[in-house]
Amino acid sequence: MSVLTTIKKRFSPYSFDKTNVGFEDIESAFEAARWAPSGYNNQPWRFVYISRDHQNFEKMLSFPVEANSKWMKDCGGIAVVLAKTQSDFNGQLDPSAQYCCGLAVGQMLVEISALGLHSHQIGGFDRTKLSAFLELPEYIIPMAMMAVGRTSEEPQQNRKREPLEVLVLR
Ligand SMILES: Cc1cc2nc3c(=O)[nH]c(=O)nc-3n(C[C@H](O)[C@H](O)[C@H](O)COP(=O)(O)O)c2cc1C
C-alpha cells in the first residue's frame with residue numbers, strides 16, 4: 001500500500017476559501033504526528049491549534065510577516081509547531097528534537113492531504129513575540145506556523161524538485 005499518490009497531492013496553496021477547520025476536522029493529522037519515531041521515544045513535538053472561529057485567530061495573524069499574513073488570513077486554522085529541546089529522558093539538551101519534530105510534521109502532512117485538506121507552513125514569523133504570547137519556556141522553540149484549510153487552487157505546473165540523488169551501494 002503506497003502513500004506516494006497522497007504525498008504528491010500535497011502542495012502549499014496561497015489561497016484558502018475561509019471555511020473553518022475545527023480541531024475535530026483535523027485531529028487525525030495530529031494523531032499521525034503522534035506515531036512518529038523519536039530518539040529515546042522522547043516525542044519532542046508540541047502543537048498549538050487555533051481554528052478560524054476562535055477569538056485568538058486574529059491575534060495569531062499578527063505574528064507572520066506581512067507577506068505571509070496577507071494570504072494566511074483566509075485559512076481555516078493555524079497550527080503552531082513546537083520542538084521541546086529538553087529531553088524528558090535525562091533533562092539534558094535533546095540533540096534530535098528538531099529533527100524528530102520534522103518527522104512528526106511530515107506524517108501530519110500526509111494525513112492532511114489524505115483528508116482532502118491543504119496546508120502551508122511558514123518560517124517567516126516573529127518567534128520572539130509568538131513565544132511570549134504562548135508563554136513558552138526557553139527550551140520550547142517555535143519551528144513553524146502552519147495554515148490549514150480548503151482551497152480550489154491547483155498546484156503550479158512547474159513545481160520544482162531536484163532529481164532524486166541516492167548513492168546505492170551494490
Ligand atoms: C519550514 C518551512 C518554512 C517555510 N516558510 C515559508 C514562508 O515563510 N512563506 C511561504 O510562503 N512559504 C513558506 N514555506 C513553504 C515552501 O515555500 C514550500 O513548501 C516550497 O516552496 C515547496 O512547495 P510545495 O510545498 O508547494 O511543494 C515554508 C515551508 C517550510 C517547510
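Structure: above.
Keep in mind that what you see is a predicted model, and the values were worked out from it rather than measured.

Enquirer: Report on empty space enclosed by the protein, specifying residues and quantitative values.
Expert: A complete count under the given rule lists one cavity of 30 Å³ or more for this structure. Estimates place the volume of the largest cavity at around 30 Å³. In terms of lining residues, the largest cavity is bounded by Lys9, Arg10, Phe11, Ile112, Ser113, Leu117, His118 and Ser119.

Enquirer: Help me get a handle on a negative patch on the surface, residues and values and all.
Expert: A surface patch of like charges, here negative, comprises Glu24, Asp25, Glu27 and Asp53. Counting through the fold element by element, Glu24 comes out in helix 2 (residues 23-34). We classify Glu24 as exposed; its relative accessible area is 62%.

Enquirer: Account for the packing of aromatic side chains, naming residues and giving values.
Expert: Going through the model one piece at a time under the given rule, you end up with seven aromatic pairs. Judged by centre distance (5.4 Å) and plane angle (40 degrees), the ring pair of Phe23 and Phe30 falls under tilted. Its relative accessible area of 12% is what places Phe30 among the buried residues. Aromatic pair Tyr40 and Phe89: ring centres 4.2 Å apart, planes at 20 degrees, arrangement stacked. Taken as a pair, Tyr40 in the loop between helix 2 and strand 1 (45-51) and Phe89 in the loop between strand 2 (77-84) and helix 5 (97-114) lie far apart in primary sequence, 49 residues in all. We note that Tyr40, like Phe89, is exposed. Here the aromatic cluster, defined as three or more aromatic residues joined through ring pairs, consists of Phe23, Phe30, Phe47 and Tyr49.

Enquirer: Quick rundown of the site of the ligand? Include the residues and the values.
Expert: By nearness alone, 13 residues border the ligand, and Ser12, His120, Gly123, Arg159 and Arg161 come closest of all. In this structure, an oxygen atom belonging to the ligand sits 2.9 Å away from a side-chain N or O atom of Tyr14. A distance of 2.8 Å separates a nitrogen atom of the ligand from a polar side-chain atom of His120. Contact with the protein chains covers 58% of the free accessible surface of the ligand, which is 620 Å². Of all elements in the fold, only helix 4 (66-72) and strand 3 (118-122) reach the threshold of two or more residues within the shell around the ligand. Among the elements that line the shell around the ligand, the one with the most residues is strand 3, at three residues. Of the residues assigned to the shell around the ligand, the class counts are four nonpolar, six polar and three charged.

Conventions and cut-offs
- Residues numbered from 1 in each chain as written.
- Predicted model: local features only at pLDDT ≥ 70, side-chain atom pairs only at ≥ 80, totals over all residues.
- Heavy atoms only, no water.
- 1 Å grid on protein atoms, 1.4 Å probe; cavity = no way out; pocket = protein on both sides within 12 Å on 5 of 7 lines; lining within 4 Å.
- Points joined across faces, edges and corners; volume = space filled by probe spheres on them.
- Patch = residues over 30% accessible without salt bridge, like charges linked within 9 Å, V, L, I, M, F, W, Y side chains within 5 Å.
- Areas by Shrake-Rupley, 256 points an atom, 1.4 Å probe, with all protein chains shown as cover.
- Salt bridge = Lys/Arg side-chain N within 4 Å of Asp/Glu carboxyl O.
- Lys, Arg positive; Asp, Glu negative; His and termini not counted.
- Charge placed at Lys NZ, Arg CZ, Asp CG, Glu CD.
- Helix = DSSP H or I, 4+ residues; strand = E, 2+ residues; numbered from the N terminus.
- Buried < 20%, exposed > 50% of the residue type's maximum accessible area, 1.4 Å probe, protein only.
- Phe/Tyr/Trp six-rings, centres within 6.5 Å; stacked < 30°, edge-to-face > 60°.
- Near = heavy atom within 4 Å.
- Polar contact = N/O pair within 3.5 Å; in protein donor to acceptor, adjacent residues only side chain to side chain.
- Nonpolar A, V, L, I, M, F, W, Y, C, P; charged D, E, K, R; others polar.

Keep in mind these numbers describe shape, not what the thing actually does.
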